[in-house]
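# Architecture and fold: a report
Chain by chain, the residues:
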Amino acid sequence: MIKLRKVLIVAAIASTGMVGGPLTALAADTAPDEQQRKLEARVEELERQLRELTQKMSGAPAPPATVAKAASPADVPGIQTKPITPNATSGTRFLYSGFIKLDGLWSDYEDGEIADGTIGRDFYVPSTIPVGGASEGVDFDSHVKQSRFIFGTDTDVAGGQLLSTRLEVDLYGSSLGDERATNTYGVQVRHAYIQYGHWLVGQTWTNFMDATTLPETADFIGPTDGTVFVREPMVRYTLGNWSFSAENPETTITPFGGGTRIASDDNNIPDFTAAYTWKLGSHGFLRAAGLLRQLKYETTGATAVNDSTQGAALSLAGKINFGKDDLRFAITGGDGLGRYVGVNFANDAVLTANGELEAISGWAAFAAYRHVWNDRVRSTLMLSASDYDNDVLLTGGSANKSSWSWAFNTFYSPLAKLDLGIELRIAEREIESGASGSMRRVQAVAKYSF
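Residues numbered from 1 in each chain as written. Predicted model: local features only at pLDDT ≥ 70, side-chain atom pairs only at ≥ 80, totals over all residues. Heavy atoms only, no water.

## Some points on the overall build of the protein chain
- Of regular secondary structure, the protein chain possesses four helices and 21 strands.
- Burial analysis of the protein chain (450 residues in total) assigns 40% to the buried set.
- Relative to all contacts within the protein chain whose residues are 6 or more apart in sequence, the contacts with residues 24 or more apart total 62%.
- Of the roughly 23900 Å² of accessible surface on the protein chain, a fraction of 60% belongs to carbon and sulfur atoms. (Helix = DSSP H or I, 4+ residues; strand = E, 2+ residues; numbered from the N terminus. Buried < 20%, exposed > 50% of the residue type's maximum accessible area, 1.4 Å probe, protein only. Contact = heavy atoms within 4.5 Å. Areas by Shrake-Rupley, 256 points an atom, 1.4 Å probe, with all protein chains shown as cover.)

## Side note on the environment of tryptophan 406
- Checked against the element boundaries, tryptophan 406 lands in strand β19 (residues 400-415).
- With a relative accessible area of 30%, tryptophan 406 lands in the partly exposed category.
- Expressed as a C-alpha distance, the spacing of tryptophan 406 and phenylalanine 366, which sit 40 residues apart in the sequence, is 9.5 Å.
- Once you skip the residues sitting within four places of it in the chain, tryptophan 406 turns out to touch Leu381, Met382, Leu383, Leu424, Arg425 and Ile426.

## Some details on the pattern of salt bridges
- Counted according to the given criterion, the structure contains 24 salt bridges.
- Where arginine 180 meets aspartate 178, a salt bridge forms, and the shortest distance between an N and an O atom there is 2.9 Å.
- With relative accessibility at 74%, the residue arginine 180 sits in the exposed group.
- Using a relative accessible area of 30% as the deciding quantity, one classes aspartate 178 as partly exposed.
- A salt bridge links arginine 425 to glutamate 423; the nearest nitrogen and oxygen atoms lie 3.2 Å apart.
- Its relative accessible area of 2% is what places arginine 425 among the buried residues.
- Because the salt bridges share partners, they merge into one network encompassing Glu232, Asp271, Arg293, Arg339 and Asp348. (Salt bridge = Lys/Arg side-chain N within 4 Å of Asp/Glu carboxyl O.)

## A short note on the packing of aromatic side chains
- The full count for this structure, using the stated rule, is 16 aromatic pairs.
- Considering the side-chain rings of tyrosine 96 and phenylalanine 450, the 5.7 Å spacing of their centres and the 35° angle between planes classify their relative orientation as tilted. Of this pair, tyrosine 96 sits in strand β1 (residues 92-109) while phenylalanine 450 sits in the segment after β21 (436-449), and the two are 354 residues apart along the sequence.
- What makes tyrosine 96 partly exposed here is its relative accessible area of 47%.
- Judged by centre distance (5.6 Å) and plane angle (75°), the rings of phenylalanine 123 and tyrosine 172 are edge-to-face. (Phe/Tyr/Trp six-rings, centres within 6.5 Å; stacked < 30°, edge-to-face > 60°.)

## Thoughts on the pairing of strand β17 (residues 361-372)
- Pairing of strand β14 (residues 325-335) with β17 involves ten bridges; the strand directions are antiparallel. Among the inter-strand pairings, isoleucine 331 is bridged to a residue of β17, identified as alanine 365.
- Of the strand pairs in this sheet, β17 and strand β18 (residues 377-389) are connected by twelve bridges, and their pairing is antiparallel. By the bridge assignment for β18, valine 372 is matched with arginine 378.
- Where β17 hands over to β18, the hairpin turn is made up of four residues, counted between the paired strands. (Pairing = 2+ DSSP bridges.)

## Concerning the pairing of strand β4 (residues 162-170)
- As defined by bridge partners, strand β3 (residues 148-156) adjoins β4 across nine bridges and the pair is classed as antiparallel. Residue pairing across strands places aspartate 156 opposite leucine 162, the latter belonging to β4.
- Where β4 and strand β5 (residues 188-196) come together, eight bridges link them in antiparallel fashion. For aspartate 170, the partnering residue across the bridge sits in β5 and is glutamine 188.

## A closer look at a nonpolar patch on the surface
- Nonpolar side chains collect at one region of the surface, where Trp106, Val138, Phe140, Leu381, Leu383, Trp404, Trp406, Phe408, Ile422, Leu424 and Val442 lie side by side and expose about 1000 Å² of accessible area between them.
- Mapped by element, the contributors of at least two residues to the nonpolar patch are β2 (138-143), β18, β19 and β20 (418-431).
- With three residues, β19 is the single largest residue contributor to the nonpolar patch.
- Tracing the sequence through the fold places phenylalanine 140 in strand β2. (Patch = residues over 30% accessible without salt bridge, like charges linked within 9 Å, V, L, I, M, F, W, Y side chains within 5 Å.)

## Focus: the environment of glutamate 168
- Tracing the backbone shows glutamate 168 in strand β4.
- Put simply, glutamate 168 and phenylalanine 151 are 17 residues apart on the chain and 6.2 Å apart in space, counted from C-alpha to C-alpha.
- With residues near it in sequence (within four places) discarded, glutamate 168 still touches Arg148, Phe149, Ile150, Gln188, Val189, Arg190 and His191.

## Quick notes on the sheet that holds strand β15 (residues 349-351)
- Read across the open sheet, the four strands follow the order β10-β9-β15-β16; overall the sheet is mixed. The open sheet is flanked by β10 (262-264) and β16 (357-359), the only strands paired with a single partner. Averaged over all pairs of adjacent strands, the angle between their axes in this sheet comes to 35°, without regard to strand direction.
- The pairing of strand β9 (residues 251-254) with β15 spans two bridges and is classified as parallel. Bridge assignment links isoleucine 253 to a residue of β15, and that residue is alanine 349. (Axes fitted to C-alpha atoms, helices over the stretch in contact; angles between N-to-C directions.)

## Here's the deal with the environment of aspartate 111
- One can find aspartate 111 in the loop between β1 and β2.
- Considering only alpha carbons, one finds aspartate 111 and glycine 133, 22 residues apart in sequence, at a separation of 4.5 Å.
- Once residues lying within four places of it in the same chain are set aside, the contact partners of aspartate 111 are Pro130, Val131, Gly132, Gly133, Ala134, Ser436, Gly437 and Ser438.
- Within the local environment of aspartate 111, its side chain forms a polar contact with the backbone nitrogen of serine 438, the two atoms lying 3.2 Å apart. (Polar contact = N/O pair within 3.5 Å; in protein donor to acceptor, adjacent residues only side chain to side chain.)

## Comments concerning the side chain of asparagine 400
- With respect to the helices and strands, the residue asparagine 400 is situated in strand β19.
- Among the polar contacts made by the side chain of asparagine 400, one reaches the main-chain carbonyl oxygen of phenylalanine 345 at a distance of 2.8 Å.
- When neighbours within four sequence positions are excluded, asparagine 400 is seen to be in contact with Ser127, Phe345, Tyr388, Asn390, Arg429, Glu430 and Ile431.

Limitation: the analysis is restricted to geometry and does not speak to function.
Structure follows, in C-alpha cells:
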C-alpha cells in the first residue's frame, strides 16, 4: 500500500504539470503552500478512486457515504442516567417532592383561653379546647410548619424487583426560635421506611388507618374527632388485598381519680393489625381493619404497679365516587383504642384503686363529601364525632367524654399545584362532669406543591 501511495503521488505530480507539460506555467506562478495543498487533494481523490476500483474487482459492496445522523428521541440521554451521588447503588433513581404551605388561623374559644404556643393553636386538636373558663377574644396565628419535604429512592434489584425508600419531614418539630424574630422550628420525621416486594420496614401510617380516606382540608388533619391518626415504626406484609403489621406499642393511662396522663412504654409485645380492602373499580373502595394490643404499666417502689390487659378495636373506612364528587368516611370502635383516635383524645386505660388496668371503650366516626364545581374550584363538607365510656369513679369528672366538629371549605387553584383555600370550623368538647367548651375557627391557606 505504501508503494501504491508513492505511485499515486508521482501520478498526481505529473497531472498537475509540476514536471513539465501544459500546467508548468501555472505551477510556477503558484506559491509552494498552495502547490502542496493541491497535491494532497489530488492524492486523496486518486486514493478514493482506487478503493472503488478495488471493491468492484473483489465484488464487495461499497461502504455507504457518511451522513450526519439526526438524533432520535432514543438517542437523547434520559434524565439521570447515572447515580447523582458517587456512592449511590447502580440503578438507583432519586426523587424529591413536597409542598410549601402558609396557614392563617383566627380562633375564638368561648369557654376559656388556650395557652400560647400549644399545638391546638396550629391545628385542630379536640382535647385542647378550653372548658369552664371565660373567653378572651379572637386569636390570630400564622405559620408554615405544615410545609413538607419528601425524599426517596427506587432501585432495580435482581429478579426485576424494586427496592424503594422514603423519608418525609415537616416543620412541626421543637421551636428553635420565637415569634419575636425568627419563627424557627425544627424538622420532624413523618415517614422513614424501606419497601421491597410485599414487605415494608420502618415508620409510616399505622395499618389500622387508611390515609386515602382523609378529605381535602385546610386543617392539618381535618375530621380529627373521628379519625384514626398515628404514624409509628412497624413491619408490614401485604399480599393482594390483605395487609398485616406488627407496630410500636405505647399505652396511655388515666391515673386513679384523674390527673395528668401517664404514657407507659412498658409493653413487651407489639401492637398487631390486619386489614382487607374491597376494590369497587371506578366506584371507590371499602377497607376493614382490626387492632389487637397489649396495655401494660409497671412501676417500682412501695406502691408499685405491675399489670396488663388487652385492647381490641375494629374500623371500617371507605371512599365512594359520584362522578367527580366523592364521599369519604370511617367508623371505629372498641376497647383500648384511645391513642389511635383523635390525637389521643381519650386514654387507652384507667388505673383502679388496686393498681390494675381497665381498658376504656369508645367509638369515633367521620364523613366528608367533596363537590367539584369545575377544574379549579371544589368544596368539602365534613362532620366528625367521638364518644368514650369512662368509669367516673375511676377517672374522675375531668376525663374527656366526647367531642364533635363540622367544617366547610372551598379551594381554588388558579395554577396547577397552587391551592388557595378557606375553611370554617365549629367544634365542641365535653368532659365527664358535664362541662363543655366550644371553638370557632376560620383558617386561610396558600399551598404550592412541587
